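# A structural walkthrough
Given next are the chains, with one letter for each unit.
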Amino acid sequence: ENDSSDAFGRSFNLFQGQGGLYRFYFGGGYKYKQLAVGVNFSYLFGNINYTDILAFPESLNAFNTRRQETRQLGDFLIDAGVQYRIVLDKSNTYSLDLGASGNLKTDIKANRDLIYDRFTYTDDAGNSTSTINPKDTIYSNLDETGEVTLPATFAAGAIFSKQSKYSFGINYKYTMWSQYQSFGESDETANTWKLAFGGEFITDSKSYQQYWKVMAYRLGMSMGRNYVELNDAQLKQLSVTMGVGFPLRRSFSQISLAGEWIGIGSLKENPVAGSVFRLTAGFTFNDKWFQKRRFD
């Protein structure tokens, strides 16, 4: 929302952000008959920079205001899951997998630098410029220690499969973004949900002459609500994903490539709307170790 008024003239707000977070995973699991449980331990770290500007372009005598915040995060996270397989025939060809996963609300250790200053879009000679010319600092708090609260998440789903041929699944995820806080302050976030469904198909897993037949072709879609709440309404979110899995010869490992389009919001409902296209690549290492050879 802009702060323009007849008394003070036209003004505008500018919100910018850069940086990102990274997550290093280490996990393990245990299987007993048709029941499997697993736990992931991960370390979340990274830097995020925010800049908020309130400017008065029609007034040469008014100072503009800028808020700069730099956050540094680093802490450990834990999430867990459980899966149960139901075999649907005697030949073990068809199966139904039921699963659930989640994590609790977690407080992440963080440091931040917070600075408020006033500036103009003119140089020292009074000429207009597009760059910021700082004048004085209103508030400064450097190397403040605090916490960022990440919300609890719960997910559940099911997958129907025919061994080495195809699989189709559905998944529901609920995240309590209303729990989110940063250094004791809440944001315009609300609880979210996402319903996703998709499948994978392999033409012929035993083909040795035509490689394209052993490749896994994947397609998925999802719908739900984004965590951003604007004007007491949440943004809708849709996504479409297409991917391919490339199995490695003489191995159970696989290289996966995928492209995803994500649409957030609608200009008919909110002034905030956008779309993102994302490419991802992954490598799954799955092989048998410590197996004694029959012939050397």
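Refer to the structure presented above.
Residues numbered from 1 in each chain as written. Predicted model: local features only at pLDDT ≥ 70, side-chain atom pairs only at ≥ 80, totals over all residues. Heavy atoms only, no water.

Let's shift gears to the overall build of the protein chain. A tally of regular secondary structure across the protein chain gives zero helices and 15 strands. A compact globule built from 296 residues should have a C-alpha radius of gyration of about 19 Å, whereas the protein chain, at 26 Å, is more than 25% larger. In terms of principal-axis extent, the alpha carbons of the protein chain reach across some 85 × 40 × 40 Å. Within the span of the protein chain, comprising 296 residues, buried residues form 23% of the whole. In the protein chain, of all internal contacts separated by at least 6 residues, the share reaching a separation of at least 24 is 56%. Carbon and sulfur atoms make up 56% of the accessible area of the protein chain, which totals about 20,600 Å². Put simply, the protein chain has 31 plus and 30 minus side-chain charges, and the middle of one group is 19 Å from the middle of the other. (Helix = DSSP H or I, 4+ residues; strand = E, 2+ residues; numbered from the N terminus. Rg over C-alpha atoms; globule rule 2.2 N^0.38 Å. Buried < 20%, exposed > 50% of the residue type's maximum accessible area, 1.4 Å probe, protein only. Contact = heavy atoms within 4.5 Å. Areas by Shrake-Rupley, 256 points an atom, 1.4 Å probe, with all protein chains shown as cover. Lys, Arg positive; Asp, Glu negative; His and termini not counted. Charge placed at Lys NZ, Arg CZ, Asp CG, Glu CD.)

Scanning the model with the defined rule gives ten salt bridges in all. The salt bridge involving Asp-117 is made with Arg-66; its shortest N-O contact spans 2.7 Å. Separated by 51 residues along the polypeptide, Asp-117 in strand E5 (residues 106-122) and Arg-66 in strand E3 (residues 64-87) bring together distant segments of the chain. A relative accessible area of 6% places Asp-117 in the buried class. Arg-66 gets classed as buried once you look at its relative accessible area, which sits at 13%. Among the ionic pairs, Asp-136 bridges to Arg-118, the shortest N-O distance being 2.6 Å. Pair noted here: Asp-136 is in strand E6 (residues 128-150) and Arg-118 is in strand E5, with a separation of 18 residues, a long-range link. Note on Asp-136: relative accessible area 29%, which makes it partly exposed. A cluster of three or more residues bridged by salt bridges with shared partners is formed by Arg-67, Glu-69, Arg-71, Arg-112 and Glu-144. (Salt bridge = Lys/Arg side-chain N within 4 Å of Asp/Glu carboxyl O.)

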